[in-house]
Amino acid sequence: MKGSSDLDSAGSDTVSSGSITRAAPAARPNVRLLQPYRPSLRSARVLLDANEAPTTPKRVRERLEERLASLDLNRYPSRIRAREVAAMLESLHGASESKVVMGNGSNEILLAIHLAFGGPSRRAVYFEPTYTVYSAISAIVGTKAVAVPRDESFDISTSSLEQAASYRPSIVHLCSPNNPTGNEDPPGFAKRVASAFPDALVVVDRAYAPFGGDSAEADLLKTGNLVIVRTFSKAAGLAGLRIGYALAPKSVGEMLEKAVLPYNVDAVSLEAAAACIEEAESVRKQEDELAKERDRIFSAIRSHRELVAFPSAANFVLFGPRGAGSARKSYRSDSERLRLTEMAQRIFSFLLEKSVLVRDCTSWPGLIGCLRVSAGLPVETDHFITALEGAVARIKP
C-alpha cells in the first residue's frame, strides 16, 4: 500500500472531503500537456469563422419539424431507425459493399479510428497545414502524431509521401478539400496513397467534398485499407446537431463500431440526417449557392493588390496580406514573418470591429500571416467585402 507521500505526489490539485484533504489523482501525461479546444465566443453579427452553412435548407427543417412531435424522447434512439438511416447513406453514396458507421459529429468517427487502429506504440501521419483535430485526437489517445509538411502550394508532394512512409504509420490522414487551405487532392491520389501504405489505414476526410470537383467516392470505396469520413455540419446545415459518418470496408467498420459509445447518435439527429438525404436536392442547391459566394469572396480579395487569396474547392477561402502563405516559403527574415502575422491580425481586428468574424489562422502550424473566411449568405458576403475595404486601408503604408 502506498504511503501518504506517494498519494500526495499523484496529482497537483487538492480536494476536501469533510476534515480530510487529499491530492487529486494525476491525469495521464499526454492529457496534461494538451490545451482544451475553446471555440471563440462569437459575439459578431456576421459569423464567417467556422465553415458552417448560414442556414438549414427550408425543406430539411420542415421535414424534421414534422417528425419531432412523434419522437419518443424518453426512449433511447432506435437501433432499427439507425440501421435505416445507415442504409439510406449507403444508397446515397453507392456504397452497398461498405459499412456505414455514424457518430456524434465526424470528430467522434476520427476518435473511433484512433481508438481502433492507433494508440500507444503506433503512429499517425498528417500533412501540415491541415485540420488540427488530427493531432489533438492522436494526443488524447496516445497515438504518436507525425506532421509532414506540404509544399509551398499546399500540395502533398512525392517527397512528402516518401518522408511519411519512413515513419511506418498505422494511420495516414488526408483531407480533401483541405482545411484550412481549400485545395483538393488530384483524382486518384487517395487510391495511390492507399497502395503506397498497404499496412496503414488511409483516412480521407471529405467534410468539404460537396463544394469540390472530385466525386469519385464509389471508386475509393473499393479500396480495402481506405475510410471516407463525411459530415452533415457543412453543406447540410446541421452543425448544431453533430452528425458524422464513416464509409468503410466492412471489416474496418466492424472495428469502428466497437470503439464508439452506445447510442452515440441521438434520435433527433437520426431524423435530421434522414431529412437531409430525402431532401438531397435542397441540400445540393445550398451547396451551389455557397460555392458562388465562395467565388465572390475569392474575387473580392484578389481585387486588392495588398492581399493574397488561395484557390479553394471548399466553402471558405484562405487569405492574408500579400506574402502570406506556407511556412515553407523562403521568407527574408523572421521579422518578415512577424510583420505578415501582425498585418493579418490587424485585418482580423478591423473586421471584428465591423462585426464580421473570420478565423485567425496566424498561429496554425505551417502557415504565416493567414486568415480564413467562410462562405455565407449573399448579404454576409456584402458585409465582408465592405469591411475588408476598410481593413485594407488600415494596413496600407
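What counts and what doesn't
Residues numbered from 1 in each chain as written. Predicted model: local features only at pLDDT ≥ 70, side-chain atom pairs only at ≥ 80, totals over all residues. Heavy atoms only, no water. Pairing = 2+ DSSP bridges. Helix = DSSP H or I, 4+ residues; strand = E, 2+ residues; numbered from the N terminus. Axes fitted to C-alpha atoms, helices over the stretch in contact; angles between N-to-C directions. Phe/Tyr/Trp six-rings, centres within 6.5 Å; stacked < 30°, edge-to-face > 60°. Buried < 20%, exposed > 50% of the residue type's maximum accessible area, 1.4 Å probe, protein only. Expected span 1.5 Å × (residues − 1). Contact = heavy atoms within 4.5 Å. Parallel < 35°, antiparallel > 145°, perpendicular 65-115°, else oblique. Left-handed = near helix turned anticlockwise from the far one by under 90°. Nonpolar A, V, L, I, M, F, W, Y, C, P; charged D, E, K, R; others polar.

Caption draft 1: How the structure looks around the sheet that holds strand β9 (residues 226–231). With mixed pairing, the 7 strands of this open sheet are ordered in space as β4-β10-β9-β8-β7-β5-β6. Lying at the two open borders of the sheet, with one neighbouring strand each, are β4 (98–103) and β6 (144–149). Ignoring strand direction, the axes of neighbouring strands in this sheet form an average angle of 25 degrees. Bridging between β4 and strand β10 (residues 244–249) involves 6 bridges; their strand directions are antiparallel. Pairing of V101 across the sheet is with A246, part of β10.

Caption draft 2: Summary view of the packing of aromatic side chains. For the structure on display, the rule yields 6 aromatic pairs. On the numbers, 5.3 Å between centres and 70 degrees between planes, the contact of F154 with F310 is edge-to-face. With F154 in the loop between β6 and α7 (158–165) and F310 in strand β11 (residues 307–310), this residue pair connects regions lying 156 residues apart in the sequence. Under the relative-accessibility criterion, F154 is labelled buried at 2%. F310 sits in the buried class, given a relative accessible area of 16%. Between F319 and F384, the ring centres sit 6.0 Å apart and the planes meet at 80 degrees, which makes this aromatic pair edge-to-face. Note that F319 is positioned in strand β12 (residues 316–321) and F384 in helix α14 (residues 378–395), a separation of 65 residues in sequence.

Caption draft 3: Molecular detail of α14. Helix length check: α14 (18 residues) gives 26 Å between terminal C-alpha atoms against 26 Å at 1.5 Å per residue, within 8%. Along α14, the residues that are buried comprise E380, T381, F384, I385, A387, L388, A391, V392 and I395.

Caption draft 4: Local environment of the sheet that holds strand β17 (residues 371–374). Ordered in space as β11-β12-β17-β15, the 4 strands form an open sheet in which the pairing is antiparallel. The open sheet has two edge strands with one neighbour each: β11 and β15 (359–360). Pairing of β15 with β17, which is carried by 2 bridges, proceeds in the antiparallel orientation. Note on β17: the bridge partner recorded for R359 is R372. Sheet strands in contact with α14 are β11, β12 and β17, and its direction is about 135 degrees off that of β11.

Caption draft 5: Representation of the packing of helix α4 (residues 79–93) against helix α11 (residues 267–278). Two numbers describe how α4 lies on α11: the axes approach to 10 Å, and their chain directions differ by 30 degrees. With respect to each other, α4 and α11 are oriented roughly parallel. Along this stretch, α4 crosses α11, giving a crossing that reads as left-handed. Within the contact between the two elements, α4 uses R81, A82, V85, M88, L89 and L92 and α11 uses L270, E271, A273, A274, I277 and E278. Within the contact of α4 with α11, the residues separate by chemical class into 9 nonpolar, no polar and 3 charged.

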